[in-house]
Amino acid sequence: MKKTFTINISGSIFHIDEDAYEKLQVYLRSINAHYGASEEGREIIADIESRISEIFNEKLSSKDQVVTESMIDEVITIMGKPEEIFETDNEEEEVVSGTKRSYRRRRLFRDPDHRVFGGVASGLSAYFGIDVVVIRLIFVLLFVFGYGFSFLLYIILWIVVPKATTTAQKLEMKGERVNISNIEKSIKDEYQEVKKNFDNMREKTGPQVRDGFDKGVDFAGSALRLILKIVLIILGLGLIIAGFISLLTFLGSLIFTTTVVGPFAGMHFPGAFMPDMFFTGMGIKLFSLGLMLVIGIPLILLIFVGIKLLVKFKTNNKAIGLTALALWLGGIVLMISVGLTQAKSYISSGTTYADTEILDDFDGQTIYLRSEKNIDFNWHDANVDLDGVKIIVKDDEKLVLGEPTLDIKKSSSDNFEIIMKKNSRGRTHDDAVENAEEIKYSWKQVDSLLILDEYFTLPVGDKWRNQKLHIILKVPEGKAVFIDEDVDDILDDVKNVTNTYDRDMGGKKWIMKKEGLTKSRD
Amino acid sequence: MKIENTKAQMRKGVLEYCILSILSKNDAYASDIIKKLKEAKMIVVEGTLYPLLTRLKNAGLLSYRWEESTQGPPRKYYGITDTGRAFLGELDGSWQELVDAVTTVKG
């Protein structure tokens, strides 16, 4: 005993058993997929179905009331296998200008023949005509920089996008090219598909649960595919705009050092954009060029991909991809090699010691440490702010400022003493010492007040060579030092009896006892 | 190179020509056209015919009207248009040229 379904072909009702039904479905689906949802396509399908319905009528009688599998086989023999029918399709029809009657519009499938995982990337590649390597690259980049977003995207696509199994589908996958004028038609077609599936789903009420489930998934898939299409178009536009703005911003920042336009307005870009403070000679230009390539090329690629998503034009993707890669790598190599050659300027370290200076006598046992802001600027002007070193632009000139470090030790004599230790790097030891001597710093003593400048400076035009200034204040035993709040920022691990942190030492008086600095009670 | 493919290619071009020729004599149903083609030993499956007929119709070379049928749904009754006749005339000329050329080459 077999289960039967009731179907409607071309307006006539037929009873059909399940095996025959399956076979017929596969056959019709294949033909449907090939001719698509265009007006002409639907007409062709209607004609074929009408003929099938006639054949059924001829074969059915009071004895044979149900369409069987063998009847379907006969139908296929008479009508022809799908491949045989499609054989006579004319390819010239697709090249005609103006009114193109194309029934082989491109549809998005997963390509199982060229896949790494699920054929998602190769499917996308066939649909958009972009080299599969570029697509995979985008997925990887999105994964690294997008917090794994592309992983989720890939899984979604894997589920939603159907696999191209039949040859008809594989043809469709690579079919007619998609461009703006076709996108509209293409979206309409997908919409028709969705509608058709939805209508089919409505017909399928009743006990065919499995079928209902199938249709449900089909419908969801079609609807999602429609949404995906729209999203991809928006994405294409978005990429173009984002890439373009980023490029403008980046280029602008090279000239103006602070950006005024776009999503990065008001942000500061650190030292990389002031190569002339770190490098000498040709190194500056080469480094800047390298930087522009490394940042600019990916942005240009983004714009390019965005345009391709929207507009169809022939490009030799391989050549473009390779060129872009070569230029980008070239940029990196340039930056690295300039960096390496310039590193020679930093090889040697040299120190000069200024003389120990004995501070003038004054009334009282305590010396008061204070900090003086010797260079006035607001943080907005600080174009570089590395650890302890700032580079600012003042009066059209670039100044290098550094914060000194301060240590407090016990004096071997009865006097307060101050020692300046200047340190710098250079090509050779002598060069390093020369660089160190260039460090400019001043302090002054007014009675019991010792005023230290907040920053040391370099002469205008001197390059940054990791210059450092270390100040040692020597306090005689039995005397004390009061450290102002502002000063504790530059303290550098000052030893004291209570092991108090440098930051907490400010605003207090410290007596140099035999054991070391001790916090005073008053 | 598969011989089947080459044969199919040859048949492809000629099928439309045959359809137009058949219809230039009388109007007919799709099944009639098939019968005539089979009589002429032009091996073709019925399924191939419908796409061709529809395309020819959309190109303005054929027209049809609906005829009621006792055996089921109404059927399309095809006929050739004036444009179709003109088109056919050109194809006749082209066909003759081809035949002459091939005969010369083989001879």
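See the structure shown above.
So, a few notes on the structure that sits alongside this text. Bear in mind that the values here come from a model prediction, so they are computed numbers and not experimental data.

Once that is clear, we can look at the overall build of chain B. Along its length, chain B carries four helices and three strands. Counting from the amino terminus, chain B carries its helices and strands in the arrangement α-β-α-α-β-β-α. For chain B, buried positions account for 24% of its 107 residues. Sequence-distant contacts, at least 24 apart, represent 44% of the contacts inside chain B between residues at least 6 apart.

A few words now on the packing of helix 1 (residues 18-35) of chain A against helix 3 (residues 69-79) of chain A. Residues and elements named next belong to chain A. Contact geometry for helix 1 and helix 3: axes closest at 8 Å, N-to-C directions at 25°. By the criterion of interaxial angle, the relationship of helix 1 to helix 3 is roughly parallel. From helix 1, Asp19, Ala20, Lys23, Leu24 and Tyr27 reach across to helix 3, where they touch Glu69, Met71, Ile72 and Ile76. In the contact of helix 1 with helix 3, the residues fall into six nonpolar, no polar and three charged.

What follows covers the sheet that holds strand 17 (residues 517-519) of chain A. Residue and element names in this part refer to chain A. An order of 11-12-5-15-16-17 is seen for the six strands of this open sheet, with the pairing classed as mixed. Either end of the sheet is taken by a strand with one partner, and the two such strands are strand 11 (443-446) and strand 17. Strand-to-strand twist in this sheet, taken as the mean axis angle between neighbours without regard to direction, amounts to 25°. Sheet topology note: the strand 5 (residues 366-372)/strand 12 (residues 449-453) ladder contains five bridges and is parallel. Counted as the bridge partner of Glu372 is Asp453 from strand 12.

Let us now look at the environment of Asp502(A). Residues and elements named next belong to chain A. Assignment of secondary structure puts Asp502 in the loop between strand 15 (480-483) and strand 16 (508-512). Classification of Asp502 by C-beta neighbours within 10 Å gives partly exposed; the count is 19. Between the C-alpha atoms of Asp502 and Asp407, which are 95 residues apart in sequence, the distance is 10.0 Å. With residues near it in sequence (within four places) discarded, Asp502 still touches Asp488, Leu491, Asp493 and Val494.

Moving on: the nonpolar core. In this structure, Ile16(A), Ala20(A), Ile48(A), Ile52(A), Leu49(B), Leu53(B) and Leu62(B) are the most contacted members of the largest nonpolar core, which totals 37 residues. Here this core takes six residues from helix 2 (residues 39-59) of chain A, the largest share from any one element. Discounting residues that sit within four places of it in the chain, Ile52(A) has contacts with Ile9(A), Val75(A) and Met79(A). One finds Leu399(A), Val400(A), Leu452(A) and Leu458(A) within the second-largest nonpolar core, a separate group that totals 33 residues.

It is worth spelling out unusual backbone geometry at this point. Residue Asp493(A) is not a glycine yet carries a positive backbone phi of 50°. Assessed through the 9 C-beta atoms surrounding it within 10 Å, Asp493(A) is described here as exposed.

The rules behind the values
Residues numbered from 1 in each chain as written. Chains lettered and ligands numbered in written order. Predicted model: local features only at pLDDT ≥ 70, side-chain atom pairs only at ≥ 80, totals over all residues. Helix = DSSP H or I, 4+ residues; strand = E, 2+ residues; numbered from the N terminus. Buried ≥ 20, exposed ≤ 12 C-beta atoms within 10 Å, placed from the backbone. Contact = placed C-beta atoms within 7 Å. Axes fitted to C-alpha atoms, helices over the stretch in contact; angles between N-to-C directions. Parallel < 35°, antiparallel > 145°, perpendicular 65-115°, else oblique. Nonpolar A, V, L, I, M, F, W, Y, C, P; charged D, E, K, R; others polar. Pairing = 2+ DSSP bridges. Core = buried A, V, L, I, M, F, W, Y, C linked by C-beta atoms within 7 Å.

These values are about where atoms sit, not about what they do.
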